[in-house]
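Secondary and tertiary structure notes
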Amino acid sequence: MATSSSSLFKLAREIGTAVSQKKGGGWYGPHMAAATRAIADRMPLVDIILEVRDARIPFSSEFDQLRNHHPFSSSRRILVLNKMDLASPTQFKEWITFFDQQNCPSFGVNSHNKDNVKEFLKFLQAHVRNLRKSDYDASSDTVTVMLLGIPNVGKSALANSLHQIGRITAAEKGKLRHATVSPQPGETKDIYSLKIASHPNIYVLDTPGILPPEIHDVEVCSKLALTGAIGDSFVGGKELAQYFLGILNFSDEYKKWAKFSINQINKPLTLHHKADQSSGSESGMIWKRQNPTDHTQDFMVQKVRKSLYEIMSCFNGNLDHEKDLVKLIEAEFKALREAFQIPMDSGEDADSKVASKLLNLYRTGRLGHYTLDHLPKRRASCE
């Protein structure tokens, strides 16, 4: 992604400025202020901090409260890059290497992938054992781990997965407790304790997502808004969708969509096979009717990819020129209205509907994998 482009940089700054100028932060309500105090009170009492960041923005999703409060050595703090399945695989590996080189223990996670979470739990347990062998109080039977992070980085989803897998591994019975999970930022209001391992007992504290009252870096603001850490209402869905299209236009992701032909995506019925197809009979198959109003269905996603590919492939302007980029994005919005089958008489509401559906597909990884942060030139350290 060519973030050095002046046209894309200007687009990002406009969004970031709109967010940063919100009086009093806008997002920093009484519940977030109370959560900040509660976390500060509990932080000295826990054994290990798991700072959860968004793998798409490993730098921009830094937890600001930790920057001003360092009670832990690097051995008692682990960076967890969640949503690794949404980030660029190549850049993700580079970020992991970078953090390791800076003496910051790190681990990549997809909190919805059980095998991946199981590996992370093993990594955490090994980390605990190493601490107990060194300066950690080995006489304690309980280890407390606190999950910290900004809103919508997936702390609650990770806590639930660790809790579920930990119970299965330990063969423990009893009602499974869940932390609240939501795609909207700011849904977790309280601090929850969930057991994730035995021998020794390890408990994880799931905490509310916290942002500082003010964010002065407008580029950071734009990335937080695009990835969903800050609610769309602070900027506007259309503006965020335009920003994503700008990023897409500077990437090579769209070139992967050339394979989607019109014959592949306009079939009214899709054949789905059941797990057992050994008989080869019709009983091993089911027919599922396509729903053109559901933008998350595969055939609809393919239509979106095809529409964007055709528009970008025909573009003969200069992306570095703001006017050309704006014209391209306008053409893409028009094509997406047709791909999403939104009536043309919807007026201005049509663009809002396009933006909402497009952002959903981006944020769920259906339109490619993007890392918005570049590796910093300055040296960082967990110490």
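The residue numbering used here restarts from 1 in each chain and proceeds along that chain's sequence as written. Where totals are concerned, whole chains, interfaces and linings use all residues; where local detail is concerned, this predicted model gives features only for residues with pLDDT of at least 70, and gives and counts side-chain atom pairs only at 80 or more. Working from all heavy atoms in the structure, the side-chain values ignore hydrogens and water.

Stated formally: UniProt positions are given in the numbering used here, feature names are shortened, and annotations may be inferred rather than shown by experiment.
The name recorded for the protein chain in an unreviewed UniProt entry is CP-type G domain-containing protein, from Citrus unshiu. Under the UniProt heading Subcellular location (unreviewed entry), the entry covering the protein chain gives this text: "Mitochondrion".

1. Quick notes on the overall build of the protein chain
Test applied: Starting at the N terminus, helices and strands are each numbered in turn, a helix being any DSSP run of H or I of at least four residues and a strand any DSSP run of E of at least two. By the convention used here, residues are in contact when the closest approach between their heavy atoms is within 4.5 Å. Here the open area of atoms and residues is found with the Shrake-Rupley method and a 1.4 Å probe, where only the protein chains shown may cover a residue.
Scanning the protein chain from N- to C-terminus turns up 12 helices and eight strands. Here the analysis covers contacts within the protein chain between residues at least 6 apart in sequence; of these, 71% occur between residues at least 24 apart. Here the protein chain has roughly 19,000 Å² of accessible surface; of this, 49% comes from carbon and sulfur atoms.

2. Topic: the sheet that holds strand β6 (residues 201-206)
Heads up, the rule is: When DSSP finds two or more bridges between a pair of strands, those strands are recorded as paired. Simply put, an axis is a line fit to the C-alpha atoms, just over the touching stretch for a helix, and the angle between two N-to-C directions goes from 0 to 180 degrees.
Taken in spatial order, the six strands line up as β3-β2-β1-β4-β6-β5 in an open sheet, and their pairing is mixed. This sheet does not close on itself; its edge strands, each paired only once, are β3 (106-109) and β5 (192-197). If you compare each strand with its neighbour and ignore which way they point, the axes differ by 25 degrees on average. In this fold helix α5 (residues 114-133) packs onto β1 (48-54), β2 (77-82), β3, β4 (142-148), β5 and β6, with an angle of close to 160 degrees to the strand it touches most, β3.

3. Some remarks on the nonpolar core
Our working rule: Within this scheme, the nonpolar core is defined by two criteria: the residues are buried Ala, Val, Leu, Ile, Met, Phe, Trp, Tyr or Cys, and they are joined through side-chain atoms within 4.5 Å. Categorising residues by exposure relies on relative accessible area from a 1.4 Å probe, with only protein chains included: less than 20% of the type maximum marks a residue as buried, more than 50% marks it as exposed, and the intermediate range marks it as partly exposed. Residue ranges for the domains trace back to a domain assignment, done automatically or taken from a database.
Core analysis: the largest hydrophobic core is formed by 93 residues, its most contacted members being L50, L224 and F244. Both domain 1 (1-23 + 215-262 + 296-378) and domain 2 (26-206) contribute no fewer than three residues apiece to this core. With residues up to four places along the chain from it excluded, the contact list for L224 reads I57, S60, I150, L211, I215, A229 and I230. The next biggest cluster of nonpolar side chains, apart from the first, holds 10 residues, and it includes A55, L81, F92 and I96.

4. Examining the packing of aromatic side chains
The criterion, for reference: Any two of the Phe, Tyr and Trp rings considered here, Trp counted by its six-membered ring, make a pair once their centres fall within 6.5 Å; the pair's planes then place it as stacked at under 30 degrees, edge-to-face at over 60, or tilted in between.
Evaluated as defined, the whole model comprises 11 aromatic pairs. Relative to F123, the ring of F107 lies with its centre 4.9 Å away and its plane at 40 degrees, an arrangement referred to as tilted. Note that F107 is positioned in strand β3 and F123 in helix α5, a separation of 16 residues in sequence. Assessed through its relative accessible area of 18%, F107 is described here as buried. Taken together, the ring pairs connect W95, F98 and F99 into an aromatic cluster.

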